[in-house]
Amino acid sequence: MSDNKGPIGVFDSGYGGLTVFKEIVKELPEYDYLYLGDNARVPYGTRSFETVYKYTWECVQHLFQMGCRLVILACNTASAKALRSIQQNDIPNLPDLRRVLGVIRPTAEVVGELTKTRNVGVLATQGTVSSDSYVLEIGKFFPDIHVVQEACPMWVPLVENNEFNSEGADYFLQKNLKSVLGKAPNIDALILACTHYPLLIQKLKQFLPEHVQVISQGELVAASLKDYLQRHPEIEALCSKGGNSEFYTTESTESFNEKAAIFLGHKVLSKHLPL
Ligand code: DGL
């Protein structure tokens, strides 16, 4: 039976998913993990539904082939544009039990507890914003919350290129914050709805009034995964427990190792996954 078990897959278009991976491992250290960054094809945030679905499903299938029975799309853009098709059309056709989960629902489910004014801002990639996924998901759980969105197309490149402490970053952060706060009165919570953005959190807090809370997803997704595994013992039984993590990238391993260290705060040795 143990042959059927595999690591929990964590997927992102690049490094951003490492902010979620880090919190999942902190919450559930006993499992094995396999992180895959599609660094060769990042960014996903500017691409069409068809392309994001194609790239995401390809990577998920690689994770399945490497033994994962459960995969977390630690990327909002992939969760917004590919998750539904994968869950509804692809997973039911597989010969064995596999599951793919995203990061939008675990975030939307708890937003109601984090806002008093019921005015919430979503900061995300253009792809996530145009999918309206957050507006729809939050609306299902908390119809009284007014959600405004702001696409921040420069933020992912600033993070990917390790330029997030520069003056250039300050300009773009302030520009997008001013814009989102101008879209509704009394916003008291801003969701970082892109897994790259938590690296900007200190800067963002500096530029925001104190009453505006910045919500980062990592801990929310980790708590939701813990709860999911408790509610689904049939999936939990398929997740191997050895406390090991492996990292794969579709691009250069040297640059993955260097940049992943910034996200995780420790060294990693990644392997190359040819597409
Ligand atoms: N990290 C991805 C997200 O959460 C976005 C990065 C990209 O544009 O590929 O949406």
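In this numbering scheme, every chain counts its residues from 1 along its sequence in written order. Per-residue local features of the predicted model are confined to residues with pLDDT of at least 70, and side-chain atom pairs are confined, for both listing and counting, to 80 or more; whole-chain, interface and lining totals are unaffected and use all residues. Side-chain numbers here rest on the full set of heavy atoms in the structure, without hydrogens or water.

Caption draft 1: Region of interest: the packing of aromatic side chains. Any pair of Phe, Tyr and Trp rings, taking the six-membered ring for Trp, is counted once the centres come within 6.5 Å. Such a pair is stacked with planes under 30 degrees apart, edge-to-face with planes over 60 apart, and tilted for the rest. One pass over the structure, following the stated rule, counts 14 aromatic pairs. For the ring pair Y15 and F256, a centre distance of 5.5 Å and an interplane angle of 40° mean the geometry is tilted. In this pair, Y15 sits in the loop between β1 (8-12) and α1 (17-27) while F256 sits in helix α13 (residues 253-264), placing the two residues 241 residues apart along the sequence. For each residue, the accessible area found with a 1.4 Å probe, counting protein chains only, is set against the maximum for its type, and the residue is called buried under 20%, exposed over 50%, and partly exposed in between. Under the relative-accessibility criterion, Y15 is labelled buried at 3%. Overall, the relative accessible area of 0% leaves F256 in the buried class. Look at Y171 and F172: their rings are 5.0 Å apart centre to centre, the planes differ by 80°, and that puts the pair in the edge-to-face class. Strands here mean DSSP runs of E at least two residues long; helices mean DSSP runs of H or I at least four residues long; both are numbered from the N terminus.

Caption draft 2: Highlighting the pairing of β1. Summarising burial for β1: 5 of the 5 residues are buried, a large majority. The alternating pattern of β1 places I8, V10 and D12 and G9 and F11 on opposite faces, both of which are buried. Bridge count for β1 against strand β2 (residues 33-37) is 5 bridges, and the pairing is parallel. Residue pairing for β2: G9 is matched across the bridge by L34. Crossover handedness is defined here as right-handed if the route from the first strand over the helix to the second strand goes clockwise, with the strands pointing away from the viewer. Between the parallel pair β1 and β2, the chain is carried across by α1, and the sense of this crossover is right-handed. Pairing between two strands is assigned when DSSP locates at least 2 bridges connecting them. When β1 meets strand β3 (residues 70-73), the two strands line up parallel, connected through 4 bridges. Bridge pairing in β3 links V10 to I72.

Caption draft 3: Representation of helix α4 (residues 83-90) in the model. Residues of α4 that are buried: L83, I86 and D90. An end-on view of α4 places all buried positions within 100° of arc, on one side of the element. Residues of α4 that are exposed and point over 90 degrees away from its buried face: R84 and Q88. We call two residues in contact when some of their heavy atoms are within 4.5 Å. Next to the buried residues of α4 lie α2 (49-65), β3, α3 (76-81) and β4 (99-101). Here the arc refers to the directions that run from the helix axis out to each C-beta atom.

Caption draft 4: Region of the structure containing the site of the ligand. Taken together, 14 residues lie around the ligand, and S13, Y44, G45, N76 and T77 are the ones closest in. Whenever two N or O atoms come within 3.5 Å, that pair is a polar contact, provided that in protein one can donate a hydrogen and the other can accept it, and provided that, for residues adjacent in sequence, both atoms are side-chain atoms. Between an oxygen atom of the ligand and a main-chain N or O atom of G45, the distance comes to 2.8 Å. For accessible areas, the Shrake-Rupley method is used with a probe of radius 1.4 Å. Any residue's cover is judged against the shown protein chains and nothing else. Surface burial for the ligand is 99%, taken as the share of its 300 Å² of free accessible area covered by protein chains. Buriedness for pockets is judged along seven lines, at least five of which must meet protein on both sides within 12 Å for an open set on the 1 Å grid over protein atoms alone, while cavities are sets there where a 1.4 Å probe fits but cannot get out, and lining residues have an atom within 4 Å of a point. Put plainly, a molecule is in a cavity or pocket when over half of its atoms are within 2 Å of the grid points there. With respect to the pocket detection grid, the ligand is positioned in the largest cavity. The cutoff for a nearby residue is simple: one of its non-hydrogen atoms must lie within 4 Å of the molecule or strand.

Caption draft 5: Structural detail: the side chain of N176. Tracing the backbone shows N176 in helix α9 (residues 167-181). Owing to a relative accessible area of 8%, N176 belongs among the buried residues under this scheme. Looking at N176, its side chain comes within polar contact range of the main-chain oxygen of A151, at 3.4 Å. Ignoring anything within four residues of it in the chain, the contact list for N176 reads E150, A151, C152 and W155.

Caption draft 6: How the structure looks around unusual backbone geometry. Cis geometry is adopted by the peptide bond preceding P43, which originates at V42 and carries an omega value of 5°. Despite not being glycine, D132 has its phi angle at roughly 60°, a positive value. Relative to the helices and strands, D132 is located in the loop between α6 (126-131) and α7 (133-141). A residue is classified by how much of its surface remains accessible, and D132, at 34% relative accessible area, is partly exposed. With a phi angle near 55°, N162 is a residue other than glycine that sits in the positive phi range. With respect to the element layout, N162 can be found in the loop between α8 (155-160) and α9. By relative accessible area, which is 42% here, N162 ends up partly exposed.

Caption draft 7: Looking closely at empty space enclosed by the protein. Grid points are joined across faces, edges and corners, and a volume is the space filled by probe spheres set on the points. Counting across every chain of the model gives 2 cavities of 30 Å³ or more. Space inside the largest cavity adds up to approximately 90 Å³. For the largest cavity, the lining is made up of 15 residues, of which S13, C75, T77, T125 and C194 are closest to its centre. Following the grouping adopted for this structure description, the nonpolar residues are Ala, Val, Leu, Ile, Met, Phe, Trp, Tyr, Cys and Pro, the charged ones are Asp, Glu, Lys and Arg, and the polar ones are all others, Gly among them. Broken down by class, the residue content of the lining of the largest cavity amounts to 7 nonpolar, 7 polar and 1 charged. Roughly 30 Å³ of volume is contained in the second largest cavity. Of all the elements in the fold, those that place two or more residues in the lining of the second largest cavity are α8 and α13. In terms of residue count, α13 provides more of the lining of the second largest cavity than any other element does, 3 residues in total.

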